[in-house]
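Architecture at a glance
One-letter residues, chain by chain:
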Amino acid sequence: MPSGITFSGLGSGIDTASLVDRLVQLEGLRKGQLETKKTTAQGKVGAITTLESLVKVLKTKASALSKTGDFLKLKGTPSREGVVSFSVSANAALGTHTIEVQQLAAFDRWAFDGVTDPTAQLGGGSGEQVSFSVGGTAYAVDVDVGTSSLNEIAAAINEAAGEKVSASVVNVGTTSSPSYKLVVGSKVSGETGRITGISSTIAGLSIDSTEPAPGDNTPASTNNLTVGSNAKALVDGLLVERDTNEFAGVIDGVVFNAQSTSNGQPVDIAIEPDKTAIKSALKDLVTAYNDVVNFVNRQSKYTQDKGAGGPLFGDSTLSIVRTRIRDALFNVDAGTVQNDTEGYSTLGLVGLDVGKDGTITINESKLDEKISENVGALADLFADSDGPSGPDGGLAANLVSAVDQLTDRGTGPNGEVLKSLFGAKNESLQTTIKELDNRIADEQVRLDKYEETLRARFTNLESLLAKLNSQGSALSALYS
């Protein structure tokens, strides 16, 4: 606003300040129109951002079903709990397997003969040591006379071989009659983790290192507390051994962990489709798809009382998005439908029906039926089983591809970044907003000058009228 001294109505009796404000307001109508256009463009930017976000969520949900391994969620149901736990991947074959856990994996553990004082020096001279081997690695822990207490020997073993064994001191006696033993336990279960050749040349530390024969799990020495042994299980009648309680690579797509023995009482595991997980993923896809369709429908709606439903009313972006995602799911080859003898070629056949408004509803009973009848055929409907270059697409895979074309077109032949539909639209709107900002700023400069000019003119007019009034009053007084 211009500054300076003004005389509003002093000479004329007219409220010239209000008159100037009104004239400036009328002159500023063009600026108001530009600001309205800017607000409209900003509204479109927000709506485009929301639509792009919804479309990207749709891609995420479609991606979870776009590959056979992702779609075919399987589960294993045991006939009895507490014997084995397991995980099932998509490449597992449907069917039933029998597992009988005969033996759990165990860690090899030795205890040296006891001493009454864990802090007493046990060494009798130089060059004394404790030696052993674990998993093909030999260890020799040297002990000095001055650092040869049971506690110090345990610490030295942990420092030298802590990766393979754990050494500790345990009192197996009483407070009044203690018996402290150095216990060395393998950190590797199974027969490969057995501690072999364990011996002591330390004067005050002794051990009977007689070992059981390979495959024999019965200790041959009282110092051998537990014998490192493999886990054993009969899987479909065949004996299988593992170093640990985890059995991988036995049944394709199934990894099970032995929890307890079940000799003579095998457990049956049924590998079957996980209906709950599959339906949940399909529901997520349908929800994300409907969110996009409902947004487009709201933006495209027009009523006499409320007018346009949203900032993007009439914008081609809405129709492009709606057409692309709809075609990805419903534009199925006619030949594929004609050759379908089981009813797995379209969404409607498997329980996903499209309504008049374009949204999808799920007929859960029909979907359950289709999952139970042929889950592989259902997976083929949605998933791409032979890669992007193969003839088998899959509806979810097609939807991922369609969204990619909307959100990320990659680079051109010369390495230039190709603008996506949303990117190009947003850039155009930002350019429009910037141009409107410049025009609004120019209009404001013009209005300020216009107002300044008006106020100057009216100030001069008021001054002139004040002088004339003063002269008139003087003449009147003279004639009187």
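Refer to the preceding data block for the structure.
Quick look at the structure, then. Since the structure is predicted, the reported quantities are computational estimates derived from the model, not experimental observations. (Residues numbered from 1 in each chain as written. Predicted model: local features only at pLDDT ≥ 70, side-chain atom pairs only at ≥ 80, totals over all residues. Heavy atoms only, no water.)

1. What about the overall build of the protein?
Across its full length, the protein carries ten helices and 19 strands. Seen through its principal axes, the protein has C-alpha atoms that stretch 145 × 75 × 50 Å. Contacts in the protein between residues far apart in sequence, at least 24 positions, make up 67% of those at least 6 positions apart. Counting every atom, the protein has about 25300 Å² of accessible surface; 50% of that belongs to carbon and sulfur. If the 42 positive side-chain charges of the protein are averaged to one point and the 59 negative ones to another, these points end up 15 Å apart. (Helix = DSSP H or I, 4+ residues; strand = E, 2+ residues; numbered from the N terminus. Contact = heavy atoms within 4.5 Å. Areas by Shrake-Rupley, 256 points an atom, 1.4 Å probe, with all protein chains shown as cover. Lys, Arg positive; Asp, Glu negative; His and termini not counted. Charge placed at Lys NZ, Arg CZ, Asp CG, Glu CD.)

2. Let's talk about the pattern of salt bridges
Inspection of the entire model under this criterion finds ten salt bridges. The salt bridge involving K38 is made with D437; its shortest N-O contact spans 2.7 Å. One end of the pair, K38, is in helix 2 (residues 29-63); the other, D437, is in helix 10 (residues 421-479), with 399 residues separating them in the sequence. Here K425 ties to D315 by a salt bridge, and the two come within 2.7 Å at their closest N and O atoms. Of this pair, K425 sits in helix 10 while D315 sits in the loop between strand 17 (307-308) and helix 6 (316-330), placing them 110 residues apart in sequence. One continuous salt-bridge network, built from bridges that share partners, spans K279, K283, E364 and D368. (Salt bridge = Lys/Arg side-chain N within 4 Å of Asp/Glu carboxyl O.)

3. Here we look at the packing of aromatic side chains
Counted according to the given criterion, the structure contains five aromatic pairs. When the centroid spacing of 5.6 Å and the interplanar angle of 15 degrees are considered together, the rings of F71 and F382 count as stacked. Residue F71 is located in helix 3 (residues 68-71), and its partner F382 is located in helix 8 (residues 364-382); the two are separated by 311 residues in the primary sequence. On the basis of relative accessible area, F71 is assigned to the buried category, the value being 0%. Residue F382 is classed as buried on the basis of its relative accessible area of 1%. Look at Y302 and F313: their rings are 5.5 Å apart centre to centre, the planes differ by 40 degrees, and that puts the pair in the tilted class. Remark: F313 occurs in the loop between strand 17 and helix 6 and Y302 occurs in strand 16 (residues 302-303); sequence separation between them is eleven residues. Overall, the relative accessible area of 54% leaves Y302 in the exposed class. (Phe/Tyr/Trp six-rings, centres within 6.5 Å; stacked < 30°, edge-to-face > 60°. Buried < 20%, exposed > 50% of the residue type's maximum accessible area, 1.4 Å probe, protein only.)

4. Quick word on the environment of V375
Counting through the fold element by element, V375 comes out in helix 8. Sequence separation of V375 and F71 is 304 residues, and the distance between their C-alpha atoms is 9.5 Å. In this view, V375 contacts F71, L72, L94, P273, I278 and K370; residues no more than four positions away in its chain are not counted.

5. Quick notes on a nonpolar patch on the surface
Where nonpolar side chains cluster on the molecular surface, the patch consists of L475, L478 and Y479 and spans about 420 Å² of accessible area. By secondary structure assignment, the location of L478 is in helix 10. (Patch = residues over 30% accessible without salt bridge, like charges linked within 9 Å, V, L, I, M, F, W, Y side chains within 5 Å.)

6. Quick look at unusual backbone geometry
The phi angle at D236 is positive, at roughly 50 degrees, despite the residue not being glycine. Looking at the secondary structure, you find D236 in the loop between strand 11 (231-235) and strand 12 (238-242).

7. A closer look at the sheet that holds strand 12
Taken in spatial order, the five strands line up as 1-15-3-11-12 in an open sheet, and their pairing is antiparallel. Both edges of this open sheet fall to strand 1 (74-78) and strand 12, since each of them pairs with a single strand only. Neighbouring strand axes in the sheet, compared pairwise and without regard to direction, differ in orientation by 30 degrees on average. (Pairing = 2+ DSSP bridges. Axes fitted to C-alpha atoms, helices over the stretch in contact; angles between N-to-C directions.)

8. Regarding the nonpolar core
By size, the foremost hydrophobic cluster in this structure holds 52 residues, and its most contacted members are L51, F71 and F382. When residues of this core are traced back to their parent elements, those giving at least two are helix 2, helix 5 (275-300), helix 6, helix 8, helix 9 (395-407) and helix 10. At eleven residues, the largest contribution of residues to this core is made by helix 5. Every residue in contact with F382, bar those within four places of it in the chain, is listed here: L65, S66, F71, L282, L285, L347, L352, G394, L395, A396 and A397. Counting residues in hydrophobic clusters, the runner-up holds 24 residues, among them L122, V134, V184 and I195. (Core = buried A, V, L, I, M, F, W, Y, C linked by side-chain atoms within 4.5 Å.)

9. Quick notes on the packing of helix 2 against helix 6
Running from N to C, helix 2 and helix 6 point in directions that differ by 5 degrees, and their axes come no closer than 12 Å. Between helix 2 and helix 6, the angle falls in the class roughly parallel. Here helix 2 contributes I48, L51, V55 and L58 to the contact with helix 6, which in turn contributes T317, L318, V321 and I325. Taken together, the residues of the contact of helix 2 with helix 6 break down into seven nonpolar, one polar and no charged. (Parallel < 35°, antiparallel > 145°, perpendicular 65-115°, else oblique. Nonpolar A, V, L, I, M, F, W, Y, C, P; charged D, E, K, R; others polar.)

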